[in-house]
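Structural features, examined
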Amino acid sequence: MALIEDEPTYPPRKLLLVGLPALLLAVGISLVVHEEAHLFGLSTFCQGPGGLSVSAVSLGGIENGSDGCGMSALAGQAATLCLAFLSFALFLRYPRNLFLASMAFVNVTARLPETVTVFLQYLIHNGTTLHVDESVSLSLIGLADPTIPTVIMCFYTLLLLFFAIIVVHDLKSVRFKWPIAFAVFGLMGYIEYGVMWVLRPIVTG
C-alpha cells in the first residue's frame, strides 16, 4: 500500500519572492474592490448633497467611505466577503496558488477587528460607538432592541473567524503557516496603509 506523503512546501526564497508580491497584490485588489463597492452603494442608494465626494476607503479603517449610508456600508462588506468566498473556492481547486490563498485570507480577516469590536460593544454595552461598515450597516435594521444586532454580529464574527481558520489550515504548501498568518494579520493595518498610499493617486485619479 502506497504511503501518503505530505505535500511539498515552498522554499523560503520562493515564498518570499512569490508570496510577498501575491499578498501585496491581493491587498491592493481588495482595497480597490471595497472602495468601488462603497461608491456604488453611495451612487445607487444614497445620492444626496456631498454623497459622492468621499475619500478613498481602506479595509483596515484608514477611512470609512460609507458616509453614514447603510446600503453603502453593506455593499462594502458584501464585496469583501464575496471576494473571500470566490478566491477560497478557486484556492481549493488550485491549492498551491499563493495569490488565491492571499486573496482568501486578506478578505476574510480584513473585517475581523471591526467585527469583533462591534460585537463586544453590543454584547457589553447594548450598542456601539464605532463608526465602521459593520455598525453603519446595522442601521438598516431600524430596531431599538439591541438583541438582533448582537446575534447578527455574533454569527458574522464566528463566520469570519472559522473561515479564516479553514483558509490557513488548507494552506499546506507553506511551512510555519500559523506563525506567518498571525504575523500577517498583526501587520495588516500597516500593509494596507502602505498599499493605499501607493494606490491613492491612481484610484482618485
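For the structure itself, look to the data block above.
Summarised in this report is the structure supplied together with it. From a predicted model like this one, the values you see are computed outputs, not experimental measurements. (Residues numbered from 1 in each chain as written. Predicted model: local features only at pLDDT ≥ 70, side-chain atom pairs only at ≥ 80, totals over all residues. Heavy atoms only, no water.)

What to know about unusual backbone geometry
In plain terms, the rule: Going along the chain from the N terminus, every DSSP run of H or I of four or more residues is numbered as a helix, and every run of E of two or more is numbered as a strand. For every residue, the accessible area obtained with a 1.4 Å probe (protein chains only) is divided by the maximum for its type, and the residue is called buried under 20%, exposed over 50%, and partly exposed between those limits.
The phi dihedral of Asn-126 is positive, around 60 degrees, even though this residue is not glycine. For Asn-126, the location among the structural elements is in the loop between helix 4 (112-125) and helix 5 (133-137). One non-glycine residue, Phe-176, adopts positive backbone phi at about 55 degrees. As for its position among the elements, Phe-176 is in the loop between helix 6 (147-169) and helix 7 (177-203). By relative accessible area, which is 60% here, Phe-176 ends up exposed.

So, the packing of aromatic side chains
Condition: By convention, a stacked pair of Phe, Tyr or Trp rings (six-membered ring in the case of Trp) has centres within 6.5 Å and planes under 30 degrees apart, an edge-to-face pair has planes over 60 apart, and any other such pair is tilted. Only lysine NZ and arginine CZ atoms are considered, and such an atom sits over a ring when it is within 6 Å of the ring centre and within 35 degrees of the ring normal.
Taken as a whole and judged by the stated rule, the model has 3 aromatic pairs. Consider the rings of Phe-85 and Phe-163, whose centres lie 4.9 Å apart with planes at 25 degrees: the pair is stacked. Here the residue Phe-85 occupies a position in helix 2 (residues 70-93), and Phe-163 occupies one in helix 6, the gap between them amounting to 78 residues. By relative accessible area, which is 40% here, Phe-85 ends up partly exposed. Under the relative-accessibility criterion, Phe-163 is labelled buried at 7%. An angle of 40 degrees between the planes, with centres 6.2 Å apart, marks the rings of Phe-88 and Phe-91 as tilted. With Phe-88 and Phe-91 both in helix 2, this residue pair falls 3 residues apart, about one helical turn. Three or more aromatic residues link up through ring pairs in this structure, and these residues are Phe-85, Phe-88, Phe-91 and Phe-163. Sitting over the face of the ring of Tyr-94, Arg-93 holds its NZ or CZ atom 5.1 Å from the ring centroid.

Brief notes about helix 6
Basically, it comes down to this: Multiplying 1.5 Å by the helix residue count minus one yields the expected span of that helix.
The terminal C-alpha atoms of helix 6 lie 33 Å apart, and with 23 residues this matches the ideal 33 Å at 1.5 Å per residue to within 8%. For helix 6, the full list of buried residues reads Pro-149, Thr-150, Met-153, Tyr-156, Thr-157, Leu-160, Phe-163, Ala-164, Val-167 and Val-168.

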